[in-house]
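Chain by chain, the residues run as shown.
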Amino acid sequence: MKPKKLLLAPALLFSFLIISSEVQAQTASKLILPQKTSTVKRLGAYQVGGLTQSFNSTDKIVSNVQSNSSNGSLGSSGTTTHKVILASSSLPSLWNPLDKASANYNLTTPVLNQNDLSICWEYAGVDGIATSALKQLNQTATLLPSYYDYLSAKNAFTDAINPLAIMETDTQARQLGDGNTLDYVPEMSLLGYDPVLPSSNFKQEITQAEDVPVLKQSFSALQKSNLHVNNTYVLNGMDTSQLPTTTTGIMNRVNQIKQLVYQYGDVQFGVQAEETLDKTLTPRTALYAQVASNGDYTSYTPYSQKTNANLLSTYNGKSYINQDHEMEIVGYDDAFSASNFKEKPAINGAFIVKNSWGSSWGNNGYFYLSYADLFLSSSDIYADSVVARQANQTIYSATNTTPNSAGTYLDFNKSEQTTSNSAIFANTYTSQTTSNNQIEQLNSVSTDIEQAGATVKILYKADGISNSTKLSDFKVLGTYTFTQAGYQTIPFSPVTLPRNTKYTIAFQVTNMTSYSDFQIPVQTPQTQSSGLYPILNQTNSWLYEDNLWTHESVSGQSNFYLDAQTQLSTIDTSNFLKIYRLYNKKNQSYLYTKDANEANTLPKIAPDWVNQGVSWTAPATSDSAIYRVYNPKSGEHLYTLDKNEVAVLTSKNGWKSEGIAFYSAGNYPIYRLYNAKYGVGSHFESSTLSEMQAAVAKGWTYEGIAWYGMK
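Residues numbered from 1 in each chain as written. Predicted model: local features only at pLDDT ≥ 70, side-chain atom pairs only at ≥ 80, totals over all residues. Heavy atoms only, no water.

Caption draft 1: Focus on the overall build of the chain. Each helix and strand in the chain was counted, giving 12 helices and 38 strands. Counting only residues that meet the buried cut, the chain has 59% of its 711 residues in that class. For the chain, contacts bridging at least 24 residues in sequence account for 77% of all contacts bridging at least 6. In the structure as shown, the chain presents an accessible area of about 27200 Å², 48% of it carried by carbon and sulfur atoms. (Helix = DSSP H or I, 4+ residues; strand = E, 2+ residues; numbered from the N terminus. Buried < 20%, exposed > 50% of the residue type's maximum accessible area, 1.4 Å probe, protein only. Contact = heavy atoms within 4.5 Å. Areas by Shrake-Rupley, 256 points an atom, 1.4 Å probe, with all protein chains shown as cover.)

Below, the structure is given as structure tokens:
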């Protein structure tokens, strides 16, 4: 059975709007949400309402405890260091950049001010990348928050349409200064839209009067930073029925957050600012925030508030805690006393939270949030793994916005018998046209999996997919377990791609049936005439289930979040050998040799042979040897990478091994064809696409790429 396509409620851009009526998920149609009744909300001098909150129609929470699987098999590339998960007992009890006694003291980035704009999401998201770079790379970076405001706004440019704009509601595109989702900044970087540097025309801090459309050229001229997010790690937010009810349950979540903060530098999360930061809202009496006797600004919203109607939205029969403001957790203190909070929690301990309201607010821009705070469990928690952006890297993607901003999923449900461990999700791309001494190598793929503990098998095949594609055509590149949910990059041993040729990457969730519900995020293609954003072409996303391939981009209007990362490199071809091709006019067979003397002499002693010149070049040696075997009875030569095939032919069938003929390496595919009616000449290898296609038109069967060479 096919999975349902769910178009989930995009999150309300101002989540202080209460949804009073329940909204049901519909198959293959977008949900219509109540319209906003307000566009601005302020807390004293501070703007809030910028966080877009995502509601999921099905249960994303498999367990409140992250997976501890150690499965990291990635072929010969080994396990990845970022998958190490520290036990809570291994963490320091103090990790506070504001405390001189802490090992990370002063490991901070500047506190910025979002002023009168609802763009907390970009300040927290961009500073999250900068803070992670400081922790993970020991690198200080000055980045431009408003880059992502323009990147996702329909009215970004005065002279052009912005195809990357996102939808604010089902019918209205996002405008400059509007809200956005928690995942937008880090996962747009993962898609290749990396953070940029400020310029004379684009400052780090702007006001509403300065957040205006610009010439597209001035935006495109912004200089990229050298930072790239290669993984996001997500602790999914809980609906009210899933919230922990014991101290042990609360501390499980706290320890997960502490692990991420310690390992990656910070996490981003959401709160309802009117509750968490109500000390600044006058003349209302503060309920949850206060300045403690020691001068620390503190906040604690108890779990008892999960029944507060002013905090709740109902979606698909479940209640969620509203969030409208995004901030960062940058540290923690296990010994921070519960007595410092206005409402007294039952446990000590606090997270150090960085706000985007400038350094004159709170404790120089920071405050302390109790471990027992309601929003720590009700909000999604995002952590970023940051690496230096690689030169000559290409990211191939079938999508151009983040999963949460797209809000569309294929839903596999166990009770409906649609979960399957054999389903395969594939994207086909076309490699670059490289120069004669360049190769393009596929070295990793990225995908978004929202269920912790899911294990995927990574697959690759040359060429594209059709309805007749066999599973045996795929090569397994490795397996990977998502110890935490998120959009993550999976490395493996490099695969050299044929130049200007289709190739396919795929993944298979090998333990999908372990989940009652499993969602695969997708993006729906949109044309400019549709009035919907982002504008996205149909691509080559394919789904394999029930022993059938479906062109999902066309029939399902779904492009998969499955990206390929490649690297261009120049190779020294000075030691490459010429491979000559000879043709026998009598028996119509072909001979390939690296021996110039053989190529020149054979036509002289056997006139039926014709030297057709150099077909390709090959390295003097490589890891992939091509063996030549000869059948003295028929006169046929056969070429193979398979040692076992050589052993079988020479032991039982009268063939003689002629050793290694040459080696495989490079970006020019050598195509293999077969036609039984040609007898001795039934096997044919060609180094040109046009010749291969012409042979197929004449009745030859294309058997795939045999090996690679260079021109």
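The rest of the description comes next.
Caption draft 2: A look at the packing of aromatic side chains. This structure, assessed with the given rule, holds 39 aromatic pairs. Ring geometry for Phe 336 against Phe 341: centres 5.6 Å apart, planes inclined by 65 degrees, an arrangement best described as edge-to-face. Phe 341 carries the same exposure label as Phe 336, and that label is buried. Among the aromatic residues, those joined into a cluster by ring pairs are Trp 121, Tyr 147, Tyr 148, Tyr 150, Phe 157, Tyr 184, Phe 202 and Phe 219. For the cation-ring pair, Lys 135 lies above Tyr 262, with the distance from its terminal atom to the ring centre recorded as 5.5 Å. (Phe/Tyr/Trp six-rings, centres within 6.5 Å; stacked < 30°, edge-to-face > 60°. Lys NZ or Arg CZ within 6 Å of the ring centre and 35° of its normal.)

Caption draft 3: View of the sheet that holds strand 22 (residues 475–481). As summarised here, the arrangement of the 6 strands in space is 22-21-24-19-26-27, forming an open sheet in which the pairing is antiparallel. With partners counted over all chains shown, the strands left at the sheet margins are strand 22 and strand 27 (548–551), one partner each. Sheet twist, expressed as the average angle between the axes of neighbouring strands with direction ignored, equals 25 degrees. Strand direction decides the pairing type here: strand 21 (residues 455–462) and strand 22, joined by 6 bridges, are antiparallel. Note on strand 22: the bridge partner recorded for Leu 459 is Val 476. (Pairing = 2+ DSSP bridges. Axes fitted to C-alpha atoms, helices over the stretch in contact; angles between N-to-C directions.)

Caption draft 4: View of the nonpolar core. Core analysis: the largest hydrophobic core is formed by 62 residues, its most contacted members being Phe 425, Val 456, Tyr 460, Phe 507, Phe 518 and Phe 662. Non-local contacts of Tyr 460, meaning those with residues more than four positions away in its chain, are made with Leu 442, Asp 473, Phe 474, Lys 475, Leu 477, Val 495, Thr 496, Leu 497, Pro 498, Tyr 503, Thr 504 and Tyr 708. Ile 250, Val 254, Val 261 and Tyr 371 belong to the second largest nonpolar core, which has 49 residues in total. (Core = buried A, V, L, I, M, F, W, Y, C linked by side-chain atoms within 4.5 Å.)

Caption draft 5: Region of interest: the sheet that holds strand 30 (residues 577–584). With respect to topology, 3 strands assemble into an open sheet ordered 31-30-32, the strand pairing being antiparallel. What marks the edges here is a single partner per strand, and that holds for strand 31 (590–593) and strand 32 (609–618). For this sheet, the mean inter-axis angle between neighbouring strands, taken without regard to orientation, is 25 degrees. Two elements, strand 30 and strand 32, share 7 bridges in a ladder whose sense is antiparallel. The partner of Tyr 580 across the bridge, within strand 32, is Val 614.

Caption draft 6: Representation of the pattern of salt bridges. Enumeration over the complete set of coordinates arrives at 9 salt bridges. Between Lys 354 and Asp 127 there is a salt bridge, and its shortest N-O distance comes to 2.9 Å. Of this pair, Lys 354 sits in strand 14 (residues 350–354) while Asp 127 sits in helix 1 (residues 120–137), and the two are 227 residues apart along the sequence. Considered together, Lys 354 and Asp 127 belong to a single accessibility category, that of buried residues. Salt bridges sharing partners connect three or more residues here, namely Glu 598, Arg 628 and Glu 658. (Salt bridge = Lys/Arg side-chain N within 4 Å of Asp/Glu carboxyl O.)

Caption draft 7: Region of the structure containing unusual backbone geometry. Of note, the amide linkage connecting Tyr 533 to Pro 534 takes the cis form, showing an omega dihedral of -5 degrees. One can find Pro 534 in the loop between strand 25 (517–523) and strand 26 (540–545). A positive phi angle, near 55 degrees, is found at Asn 115, a position not held by glycine. Mapped onto the fold, Asn 115 is located in the loop between strand 5 (94–95) and helix 1. Looking at Asn 115, the relative accessible area reads 27%, which means it is partly exposed. Phi is positive for Asn 547, close to 65 degrees, though the residue is something other than glycine.

Caption draft 8: Quick look at the environment of Gly 349. Note that Gly 349 resides in the loop between strand 13 (325–333) and strand 14. Separated by 95 residues in the primary sequence, Gly 349 and Val 254 place their C-alpha atoms 9.6 Å from one another. Each residue touching Gly 349, except ones within four places of it in the same chain, is listed here: Asp 333, Asp 334, Phe 336, Phe 341, Leu 369, Ser 370 and Tyr 371.

Caption draft 9: Geometry of the environment of Tyr 371. With respect to the helices and strands, the residue Tyr 371 is situated in the loop between strand 15 (366–370) and helix 7 (375–378). In this structure Tyr 371 comes out as buried when scored by relative accessible area, which is 2%. Residues Tyr 371 and Ile 257, spaced 114 residues apart in sequence, show a C-alpha to C-alpha distance of 10.0 Å. Here Asp 334 takes part through its side chain, which lies 2.5 Å from a polar atom of the side chain of Tyr 371. (Polar contact = N/O pair within 3.5 Å; in protein donor to acceptor, adjacent residues only side chain to side chain.)

Caption draft 10: Up close: the pairing of strand 27. In this structure, strand 26 lies alongside strand 27, joined through 4 bridges in antiparallel fashion. Across the sheet, residue Glu 545 finds its bridge partner in strand 27, namely Leu 548.

Caption draft 11: View of the confidence of the model for the chain. Residues of the chain with pLDDT of at least 70 account for 87%, and the chain-wide mean is 86. Segment residues 9–45: pLDDT under 50, and 107 contacts once partners within four positions in sequence are set aside and those in other chains are kept. (pLDDT = per-residue confidence, 0-100.)

Caption draft 12: The arrangement of the side chain of Asp 149 in detail. In this fold, Asp 149 is placed in helix 2 (residues 146–151). Among the polar contacts listed, one links the side chain of Asp 149 to the side chain of Arg 174, at a separation of 2.6 Å. Leaving out residues up to four positions away in the same chain, Asp 149 has contacts with Ile 119, Trp 121, Glu 122, Arg 174, Gln 175, Leu 176, Gly 177 and Asp 211.

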